[in-house]
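A structural walkthrough
In case you want the letters, here they are:
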Amino acid sequence: MKNIGIKVACAIVLAVLLLSLPVSAQQVYEPRPSEKPSRYQKQQIRRKYGMFIHFGINTFNDTEWSDGSLPPGSYRPDTIDAAQWIKTAKDAGMRYVILVAKHHDGFCMWDSRYTDYDVARSGNATDVVKAVARECRKRGIRLGLYYSLWDRKVNPDVQNPESDEAYNRYMLAQLDELMDITSEYTRIVEFWFDGSWAKPSYRWPVREIYETIKKREPQCQIGINWSIGQDANSNDPDAPKESVNIKPDKQKEGDPIRYFPSDFRLGDPMLPADPDPKLFVHNGKKYYMPFESTVCISKRWFYHTSDTVYKSVAELKEVYQRATAQDNILILNVPPARNGKMRPGDIDLLQKLKKAIGVK
């Protein structure tokens, strides 16, 4: 009995010592303050030029945004020619793609165990995320994913903070699910988050999102659209009375980071300032953040039957030069059509642009 008592006492002492360890001994997932790019930011800057792939339920309904009420059966591609998509990107001199995995409508381009609003219940059950990840591995192209924070299907009442906790768990579970799917084929180099304006920044689980991704994919760069500025009605007593949304061409060194932690700036579809600042502030510390521009090759993000007006080679060349100067990045949106293939006009234009900008 005496020995048992000693063991119990030792266990209690050990537990107390462990609990008393400083928080700094635990791993913290956030960027380090720096006036220079990190290792993984340098990799992102070197990628320089990529393709945005908007394809989903909106493709089949002639709309850019929908609200989750479109029936899954209306998504009916003839095929999913992911091989053609990735070949087109590589042939154009692009080094990565960013696939829209879930837009504001909440329709998931993979078979998600957390919702019935996905490709598995549609007119074509192909897991698009898996198909694209597999082709990225085959052709040596890097993979990024777009995920809308705003989900008009699962979380339609954005005015009600009481729904945040359940929806935040849903998002984090889906991010893990996406990493589970893609890890069989390739590493994710970028997560592109959108729709943040639907709620004040403090209601999004930004730190939890960052940690969920970084503990599994440390190389993955994370950005949230409209990264720089400050929201009203936040928990910060010094917050402005109205939201301050600082457009990319108006940003200056020392402006506040709205979504911290994150690795790079977004503000689509705008281009950066010249000169473009790189140092932004959170809690009095400076962080280096490059800018990623997102631009449509035609007029719309998703395929639309009336979307027939393309930017010229000269226009796109100017966009490329402005967007990729100053250690920044461009992703050019090229939307597949309803047959599941990229349009011949897009492919031809990309080849002409490749020659004009001199990429290999």
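Structural notes, computed from the coordinates. If you're wondering where the values come from, they're calculated on a predicted model, not measured in any experiment.

Describing the overall build of the protein
Of regular secondary structure, the protein possesses eight helices and eleven strands. On C-alpha atoms alone, the protein measures out to a radius of gyration of 22 Å, which is about the 21 Å that the 2.2 N^0.38 rule sets for 360 residues. Across its three principal axes, the protein shows a C-alpha extent of roughly 80 × 50 × 40 Å. Here the protein holds 360 residues, and the buried ones make up 54% of them. For the protein, the proportion of contacts with a sequence separation of at least 24, taken over those separated by at least 6, is 76%. Side-chain charges in the protein split into 53 positive and 46 negative, and the spacing between the mean points of these groups amounts to 7 Å.

Here we look at the side chain of Glu 64
Tracing the backbone shows Glu 64 in the loop between β1 (49–53) and α3 (82–91). It is Arg 300 that comes nearest to the buried, bridge-free Glu 64 among opposite-charge side chains, at 5.0 Å. A polar side-chain atom of Glu 64 sits 2.9 Å from the main-chain amide nitrogen of Phe 302. If sequence neighbours within four positions are ignored, Glu 64 has contacts with Asn 58, His 103, Arg 300, Trp 301 and Phe 302.

Examining the pairing of strand β4 (residues 188–194)
On a regular strand, each side chain points to the face opposite its neighbour's, so the side chains alternate between the two faces of the sheet. Of all seven residues in β4, seven are buried, a share of seventy percent or more. Direction of pairing for strand β3 (residues 142–148) relative to β4: parallel, over a ladder of six bridges. The residue of β4 that forms the bridge with Leu 143 is Ile 188. Taking the sense of rotation as the criterion, the β-α-β connection linking β3, helix α5 (residues 164–183) and β4 turns out right-handed. Taken together, the four bridges between β4 and strand β5 (residues 221–224) define a ladder with parallel strand orientation. Note on β5: the bridge partner recorded for Phe 193 is Ile 224.

Here is what the cut-offs are and how they apply
- Residues numbered from 1 in each chain as written.
- Predicted model: local features only at pLDDT ≥ 70, side-chain atom pairs only at ≥ 80, totals over all residues.
- Heavy atoms only, no water.
- Helix = DSSP H or I, 4+ residues; strand = E, 2+ residues; numbered from the N terminus.
- Rg over C-alpha atoms; globule rule 2.2 N^0.38 Å.
- Buried < 20%, exposed > 50% of the residue type's maximum accessible area, 1.4 Å probe, protein only.
- Contact = heavy atoms within 4.5 Å.
- Lys, Arg positive; Asp, Glu negative; His and termini not counted.
- Charge placed at Lys NZ, Arg CZ, Asp CG, Glu CD.
- Salt bridge = Lys/Arg side-chain N within 4 Å of Asp/Glu carboxyl O.
- Polar contact = N/O pair within 3.5 Å; in protein donor to acceptor, adjacent residues only side chain to side chain.
- Pairing = 2+ DSSP bridges.
- Right-handed = clockwise from strand over helix to strand, strands pointing away.

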